[in-house]
Amino acid sequence: MGRAFSHIALSQSGPLPFIVTAALFTVIFAAAVAAWLAAKLWLAQRQIRFVAAHREEVPRAFSDRVGLAAQQKAADYTVARMRFSREEVLAETALLVLLTLGGGLGLLVAWTASFGLGPVATDVALVVAVGVVAGLVGLPFSYAYTFGIEARFGFNRTTRATWFADVAKSAAVAAVLGIPLAALVIWLMRAAGAWWWLWAWLAWMAFQFLVLALYPTVIAPLFNRFSPLPEGPARTAIEALLARCGFTSKGLFVMDGSRRSSHGNAYFTGFGRAKRIVFFDTLLERLAPGEVEAVLAHELGHFRLRHVLKRMAWSAAVSAVVLALLAWLVTVPWFYEGLGVPASPERPGVALVLFFLALPVFTFVLGPLASLYSRRHEFEADAFAARHASAAALVTALVKLCEDNATTLTPDPLYSAVYDSHPPAALRIARLRAS
Ligand SMILES: [Zn+2]
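Residues numbered from 1 in each chain as written. Predicted model: local features only at pLDDT ≥ 70, side-chain atom pairs only at ≥ 80, totals over all residues. Heavy atoms only, no water.

What is the right way to read the overall build of the protein from this model?
Counting its secondary structure elements, the protein contains 16 helices and four strands. Taken over the C-alpha trace, the protein has a radius of gyration of 24 Å; the compact-globule value for 435 residues is 22 Å, and the two agree within 12%. With respect to the principal axes defined by its C-alpha atoms, the protein has extents near 70 × 50 × 45 Å. Residue burial in the protein is summarised as follows: out of 435 residues, 46% are buried. At a minimum sequence separation of 6, the contacts of the protein that also span at least 24 residues come to 77%. Total accessible area on the protein is roughly 21000 Å²; 68% of this is exposed by carbon and sulfur atoms. Taken as two groups, the 38 positive and 27 negative side-chain charges of the protein have centres that lie 4 Å from each other. (Helix = DSSP H or I, 4+ residues; strand = E, 2+ residues; numbered from the N terminus. Rg over C-alpha atoms; globule rule 2.2 N^0.38 Å. Buried < 20%, exposed > 50% of the residue type's maximum accessible area, 1.4 Å probe, protein only. Contact = heavy atoms within 4.5 Å. Areas by Shrake-Rupley, 256 points an atom, 1.4 Å probe, with all protein chains shown as cover. Lys, Arg positive; Asp, Glu negative; His and termini not counted. Charge placed at Lys NZ, Arg CZ, Asp CG, Glu CD.)

I would appreciate a short explanation of the coordination of the zinc ion in the present structure.
In an ideal octahedron of six donors the angles at the metal are 90 or 180 degrees, and in an ideal tetrahedron of four donors they are 109.5 degrees. For the zinc ion, every protein donor is listed as His298 (NE2), His302 (NE2) and Glu378 (OE), and the spread of their distances is 2.0 to 2.1 Å. Residue His298 is classed as buried on the basis of its relative accessible area, which comes to 5%. Judged by relative accessible area, which is 8%, His302 ranks as buried. (Donors = N, O, S within 2.8 Å, 3.2 Å for Na, K, Ca; no water.)

Help me understand the sheet that holds strand β3 (residues 266-269) in this model?
For sheets, the rule is that strands pair by backbone hydrogen bonds, running either parallel or antiparallel. Reading across from one edge, β1-β2-β4-β3 is the order of the four strands in this open sheet, with mixed pairing throughout. The outermost strands of the open sheet, each flanked by one partner alone, are β1 (226-228) and β3. Shown here is a sheet whose adjacent strand axes are inclined to one another by a mean of 30°, direction ignored. As defined by bridge partners, β3 adjoins strand β4 (residues 276-280) across four bridges and the pair is classed as antiparallel. (Pairing = 2+ DSSP bridges. Axes fitted to C-alpha atoms, helices over the stretch in contact; angles between N-to-C directions.)

Just to check I follow, could you spell out the pairing of strand β2 (residues 251-255) for this structure?
Within a regular strand, side chains alternate between the sheet's two faces. Buried residues dominate β2, accounting for five of its five residues. Of the two faces of β2, the one carrying Gly251, Phe253 and Met255 and the one carrying Leu252 and Val254 are both buried. Sheet topology note: the β1/β2 ladder contains three bridges and is antiparallel. Of the residues in β2, the one forming a bridge with Ser227 is Val254. Examined bridge by bridge, β2 and β4 share five bridges and lie parallel to one another.

Honestly, unusual backbone geometry in this entry has me stumped. Any pointers?
Peptide bonds are, in most cases, trans, and in most cases residues other than glycine have a negative phi. Even without being glycine, Arg306 reaches a positive phi, approximately 60°. Tracing the sequence through the fold places Arg306 in the loop between α9 (289-304) and α10 (307-329). For Arg306, a relative accessible area of 52% gives the class exposed. Here Ala406, not a glycine, exhibits a phi torsion of approximately 50°, which is positive. Mapped onto the elements of the fold, Ala406 is located in the loop between α14 (391-405) and α15 (413-419).

Structure (structure tokens):
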């Protein structure tokens, strides 16, 4: 154990009121993985059954606007995506188990130690190795999704050349941003004493602001072309709306989303005075100026009602708790041994990787709360849009977006409650009509 590790004394039980042994933690972890997998597969199965059962009938609230063919397409698309997601979940779980209890991470730990690098570089190499393994497992799924499902339903517009270029660029961005961050955190874990996690938290916050600042002007243009929103009725309506809401922005842009997919979207990016509003060209093609205005009013609502700020505050608080938990787990041997790796407090990168591999299994139960919180914000932003633009235009925009994206109008209520960040269109439209 190095000098820098005087603060990390391996304690046998930690502050828990009972003795956790490696064997017990293995059982807890295995049970959590099994429950996590079963829950995901069961929810997917429910969604498939519910959507398929409603394939032949358009809900009454939509029957004047949506045809039966659109309802059937949305059902088939949803079912295909669910089946695909089940395979993805199985692969993800297999990878997790192989890396942890299967001893894969132990092999990578020994392999990276054999490079003869310095202590921080050895751990960074481990983080990169795990990232590469996870990336390689995910790649065929991403390929099959784009050129299989998306192509089959007529949404894909990307070429194989663009797709492979995107993969290379994403990997380069992840390396350029991720490797220095990993090195900094690992160095802090080694050198900053018992409160390293507080410093790591500050570094993480600074990193997020950096990415937010770089995204609109440096990262996003690597993948897409952005041009100023041309003069016309849509621009006039949008500028009037921004003036009405007292909103300043660095610019209105159109993104060539149609290069890759026919799915439409609009988003805000950047912060402070450098905020940009970006519309996918696919959105502008389909929506009338009044509908674009209503969609933007909804997005403005997220800003004006401080949803963005609240989410950032939540995420900051959660990361602090998560890092404090990690700071404790680094010091207990059952955490490593229970997950199939020899206790290695002298290599904090091991705990870092292990922790972020295992964490989603335990935090899955919090997902529905986050979804609920997000859906509440969506209703509030809809109400804001109804006040500052036209509720009727937002309704027609939502119907068009559902139809164009083949979003099911009849999701399984439980599946939706667990996963959906946006309320089902039927609920949103019912509220908008009542407003
Ligand atoms: Zn929203």
